[in-house]
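So you can see what is in the structure, the chains are spelled out below.
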Amino acid sequence: SGVLTEEMPPDRAEEAERTRTNADGALLEVHRYRSDSTCYVADRRDTRTPGTPGGRRLTLWSRSNRPLGQFSSASQLYFAWLDHVFGDQDAWLTVDSLYAAGVVHHYRRPTVTTAVALHSTHLDSRDGDPLGKVAPSKFKLLRNLESFDLVAVLTDGQTRDMKLAGFGRRRLHTIPNSRNFAVPESPQRPRFEFLVVARLSAVTRLEDAVRAIALL
């Protein structure tokens, strides 16, 4: 419990954050601010021994400067947010980034089905051997594939090679980028239902699709 009294001065709100370091320059604390100058998260990183990096505590703050919750890792914060979004409903959580997959493989809930998409080869590009060297960027994901309910790869050949190497044998499914579907001559669709197929990236401008639908 407590009250956060420090606010970002209005004339410096565009800075978005403040940091605290020790005499050696090691980062000890980060405060991030909203556009109205109130702090929304305090990220302290010296909770074991004050002044020395080690241990973490993230505190979320309301606009009225009241603490909403504390977490000992960023993952705990992410999972609390996902729990809030999903509630008790059955849900699908699909991950298509290596960073997110490194976090989500720890997220297990009885009502949430998790899936991860592997968009490229899992092997080092210089090694064509199916049992050759694994790409360093993919190693963390590969060793945790069994933690997901479904793992999607692009080709049958990659599925075969990954099973041969012992990666995610029970979870692997081939789902290529291109699919063939039978389309009726006069498809009957509800007027206000839409489907957008795109990766979660700024370049796909999904926010424009959401705004367009909101105008209907």
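On a predicted model such as this, the values are computed, not experimentally measured, just so you know.

Each value, and the rule that gives it
Residues numbered from 1 in each chain as written. Predicted model: local features only at pLDDT ≥ 70, side-chain atom pairs only at ≥ 80, totals over all residues. Heavy atoms only, no water. Helix = DSSP H or I, 4+ residues; strand = E, 2+ residues; numbered from the N terminus. Buried < 20%, exposed > 50% of the residue type's maximum accessible area, 1.4 Å probe, protein only. Phe/Tyr/Trp six-rings, centres within 6.5 Å; stacked < 30°, edge-to-face > 60°. Pairing = 2+ DSSP bridges. Axes fitted to C-alpha atoms, helices over the stretch in contact; angles between N-to-C directions. Contact = heavy atoms within 4.5 Å. pLDDT = per-residue confidence, 0-100. Core = buried A, V, L, I, M, F, W, Y, C linked by side-chain atoms within 4.5 Å. Patch = residues over 30% accessible without salt bridge, like charges linked within 9 Å, V, L, I, M, F, W, Y side chains within 5 Å. Areas by Shrake-Rupley, 256 points an atom, 1.4 Å probe, with all protein chains shown as cover. Salt bridge = Lys/Arg side-chain N within 4 Å of Asp/Glu carboxyl O.

Caption draft 1: Geometry of the overall build of the protein chain. The secondary structure content of the protein chain amounts to five helices and nine strands. Secondary structure elements in the protein chain, listed N-terminal to C-terminal, are β-β-β-β-β-α-β-α-β-α-β-α-β-α. Looking at the protein chain as a whole, 31% of its 216 residues qualify as buried.

Caption draft 2: A look at the packing of aromatic side chains. Under the defined criterion, the tally for this structure stands at one aromatic pair. Ring geometry for phenylalanine 79 and tyrosine 107: centres 5.1 Å apart, planes at 45°, overall tilted. In this pair, phenylalanine 79 sits in helix α1 (residues 74-86) while tyrosine 107 sits in the loop between α2 (98-104) and β7 (112-117), placing the two residues 28 residues apart along the sequence. The pair formed by phenylalanine 79 and tyrosine 107 is uniform in burial state, with each residue classed as buried.

Caption draft 3: Representation of the sheet that holds β7. Spatial ordering of the open sheet is given by β6-β7-β8-β9, a layout of four strands whose pairing is parallel. Of all strands in the sheet, those with a lone pairing partner are β6 (91-95) and β9 (172-174), marking the two edges. Mean inter-strand twist for the sheet, computed between neighbouring axes without regard to direction, equals 25°. Sheet topology note: the β7/strand β8 (residues 150-153) ladder contains three bridges and is parallel. Counted as the bridge partner of alanine 115 is leucine 150 from β8. Against the sheet, helix α4 (residues 156-164) engages β8 and β9, with an angle of about 165° to β9.

Caption draft 4: Just the environment of leucine 98, in detail. On the secondary structure map, leucine 98 appears in helix α2. Separated by 42 residues in the primary sequence, leucine 98 and lysine 140 have C-alpha atoms spaced 8.6 Å apart. Residues contacting leucine 98, with those up to four places away along its chain left out, are Ser137, Lys138 and Leu141.

Caption draft 5: The arrangement of the confidence of the model for the protein chain in detail. Per-residue confidence for the protein chain averages 84 on the pLDDT scale, and 86% of its residues sit at or above 70. A low-confidence stretch, residues 1-8 (pLDDT under 50), is modelled with 26 contacts involving residues beyond four sequence positions or located in other chains.

Caption draft 6: Spatial organisation of the environment of alanine 135. With respect to the secondary-structure elements, alanine 135 resides in the loop between β7 and α3 (139-142). What makes alanine 135 buried here is its relative accessible area of 9%. Along the sequence, alanine 135 and histidine 122 sit 13 residues apart, while their C-alpha atoms lie 5.8 Å from each other.

Caption draft 7: Up close: the nonpolar core. By size, the foremost hydrophobic cluster in this structure holds 23 residues, and its most contacted members are Leu93, Val116, Leu145 and Met162. Every element with two or more residues in this core is listed here: α1, β6, α2, β7, α3 and β8. Methionine 162 has contacts with Leu118, His122, Leu142, Leu145, Val153, Phe167 and Leu172, leaving out every residue within four places of it along the chain.

Caption draft 8: Focus on a nonpolar patch on the surface. A cluster of nonpolar residues, Phe194, Ile213 and Leu216, forms a patch on the protein surface that exposes about 310 Å² of accessible area. The topology assignment puts isoleucine 213 in helix α5 (residues 206-214). Residue class for isoleucine 213 comes out partly exposed when judged on its relative accessible area of 37%.

Caption draft 9: Representation of the sheet that holds strand β3 (residues 39-44). The antiparallel open sheet is built from five strands, whose spatial order is β1-β2-β3-β4-β5. The outermost strands of the open sheet, each flanked by one partner alone, are β1 (17-21) and β5 (67-71). Across the sheet, the mean angle separating the axes of adjacent strands is 10° when strand polarity is ignored. Bridge count between β3 and strand β4 (residues 57-61): four bridges; the pairing is antiparallel. Considered in β4, the bridge of aspartate 43 is made with leucine 58.

Caption draft 10: A look at the pattern of salt bridges. All told, the structure shown has 13 salt bridges when counted by the stated rule. Two residues, arginine 45 and aspartate 43, come together in a salt bridge whose shortest N-O distance is 2.8 Å. Using a relative accessible area of 26% as the deciding quantity, one classes arginine 45 as partly exposed. Taking the shortest distance from any N to any O, the salt bridge between aspartate 46 and arginine 44 comes out at 2.7 Å. Through salt bridges with shared partners, one network takes in Arg20, Glu29, Arg44 and Asp46.

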